[in-house]
Structure formats: C-alpha cells, structure tokens
Amino acid sequence: METKHIFLIGYMGCGKSYWGKRLADSLNFDFVDLDDLIENREVMSIPEIFKKYGESSFRKREQKVLLSIGELKNSTIISTGGGAPCFHDNMSVMSTMGRTLFLEAHPAILKQNILKSDDERPIVKAIPEEELEAYIANHLKERMPFYQQAQFKVNVKGLELSDLVDLFK
Ligand code: S3P
C-alpha cells in the first residue's frame, strides 16, 4: 500500500501543529495532533498523565496511539509530541506508515514559542526562564540523532507554506 501520512516531528515550540494544520488544508489531508489523541484516549491531560504515571508510562501510551494511526483511512498530517521520535522504535514506526518531516528551529525561537504558549509542558515546566534556552539547546542536541532520521527537513525561519507544499507535490 502506498504510504499516505505525513508525520511532523521536532522540538516543543517548533510549530508542528501550526504548520501541520496549514499543510493539511493545502494538500487536502486530514490533520491530527498525537497529544490530543492521547488525551482523548486517556481522558486525561498530558500534564496529568505525567504526574500520575510518570514519563516512561506516558511514552508507552504515546507509542500505542502512534501505532493506531495505521488504522486511519484518509491521508493525514500528524503533529507528534516533541519526544515521540526519541522513544521506542517510533522513528521506524513513522517511516513505515508515511513520510516524516523535521521542523528545525533555533533554541531561542523554541524558547520564545514555549513561553508564549498556553500549553503546559511537563518536560520544561520546572526550568527557570533564564536557564531555558541553554536547557533546550542541550536537550535538542540529545534528540537530534532521532530528528535527523526524518525523510525531509526544513528550518522554520522564514518558512512559507508553499515551501512545505512543494516538498509533497
Ligand atoms: C513532549 C512534548 C509535548 C508532549 C509532552 C512531551 C516532549 O508535545 O508530547 O509534553 O517530550 O518534548 P509538543 O511538542 O507538542 O509540545
């Protein structure tokens, strides 16, 4: 079967949902956010899942939901959580189910977007604002070997929707 889904991957605050929704509109794909699917399935928010069960349990739940993407009939853009590609064999799972696109962004941009968003992010919640950029830079370096496995990579600086659409023509 021809692969039909597109997985957007990248660090928190890189714009996966923002660009994913727009790309889905342009390509006439469905759009789903993996974190939303996890929250719906668990009937609990992501911060609550972290608090109640801890990160490793969250990662198991995350992979279960990722695998369920295989049941979707329509071509779909999936915005994944920032850590999703970095646990279990999720990069291979995504590559098997579709194409993968890494949205790269500088730590300063990621910090700015994280701070201005209303989403509560358990991974960075306890990091003081003045240490946040350095924390992100270091964490991003750790995650890069996973993100770099994506089939496509774009930097979000100056990114236009047409640049993304062109990748999948
Ligand atoms: C996480 C990123 C979050 C969410 C969870 C863990 C991470 O998603 O999955 O809080 O480990 O980077 P976003 O990247 O959409 O913020």
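Parameters and conventions
Residues numbered from 1 in each chain as written. Predicted model: local features only at pLDDT ≥ 70, side-chain atom pairs only at ≥ 80, totals over all residues. Heavy atoms only, no water. Core = buried A, V, L, I, M, F, W, Y, C linked by side-chain atoms within 4.5 Å. Buried < 20%, exposed > 50% of the residue type's maximum accessible area, 1.4 Å probe, protein only. Helix = DSSP H or I, 4+ residues; strand = E, 2+ residues; numbered from the N terminus. Contact = heavy atoms within 4.5 Å. Near = heavy atom within 4 Å. Polar contact = N/O pair within 3.5 Å; in protein donor to acceptor, adjacent residues only side chain to side chain. Areas by Shrake-Rupley, 256 points an atom, 1.4 Å probe, with all protein chains shown as cover. 1 Å grid on protein atoms, 1.4 Å probe; cavity = no way out; pocket = protein on both sides within 12 Å on 5 of 7 lines; lining within 4 Å. Sits in = over half its atoms within 2 Å of the grid points. Pairing = 2+ DSSP bridges. Points joined across faces, edges and corners; volume = space filled by probe spheres on them. Nonpolar A, V, L, I, M, F, W, Y, C, P; charged D, E, K, R; others polar.

**What to know about the nonpolar core**
Within soluble globular proteins, side chains that are nonpolar generally end up buried alongside one another. Counting residues in each nonpolar core, the largest one holds 51 residues, and the members touching the most others are Tyr11, Leu101, Leu103 and Tyr147. A per-element tally of this core places helix 7 (residues 129-147) first, with 5 residues. If sequence neighbours within four positions are ignored, Tyr11 has contacts with Lys16, Leu110, Ile114, Val124, Tyr135, Ile136, His139, Leu140, Arg143 and Tyr147.

**Details of the site of the ligand**
Neighbouring residues of the ligand: 13 residues in total, closest Lys16, Arg59, Gly82, Arg121 and Arg143. The separation between an oxygen atom of the ligand and a polar main-chain atom of Gly82 is 2.8 Å. One of the side-chain nitrogen or oxygen atoms of Arg121 is found 2.7 Å away from an oxygen atom of the ligand. Surface burial for the ligand is 94%, taken as the share of its 380 Å² of free accessible area covered by protein chains. In this structure the site holding the ligand corresponds to the largest pocket.

**Observations concerning the pairing of strand 1 (residues 5-9)**
The buried fraction of strand 1 is high, at 5 of 5 residues. By the alternation rule, side chains of strand 1 split into His5, Phe7 and Ile9 and Ile6 and Leu8, which are all buried. Sheet topology note: the strand 1/strand 4 (residues 98-104) ladder contains 5 bridges and is parallel. Within strand 4, the residue paired with Ile6 across the bridge is Arg99. Two elements, strand 1 and strand 3 (residues 76-79), share 3 bridges in a ladder whose sense is parallel. Opposite Phe7, over in strand 3, you have Ile78 as the bridge partner.

**Examining the layout of surface pockets**
The computed volume of the largest pocket comes to approximately 860 Å³. Looking at the largest pocket, it is lined by 38 residues, and the ones nearest its centre are Met12, Gly13, Ser17, Asp119 and Arg121. Within the residue set of the lining of the largest pocket, elements represented by two or more residues are helix 1 (16-27), helix 2 (34-42), helix 3 (46-53), helix 4 (55-68) and helix 6 (107-116). Per-element tally for the lining of the largest pocket: the top contributor is helix 1, with 6 residues. Classifying every residue of the lining of the largest pocket by side-chain character gives 13 nonpolar, 10 polar and 15 charged.

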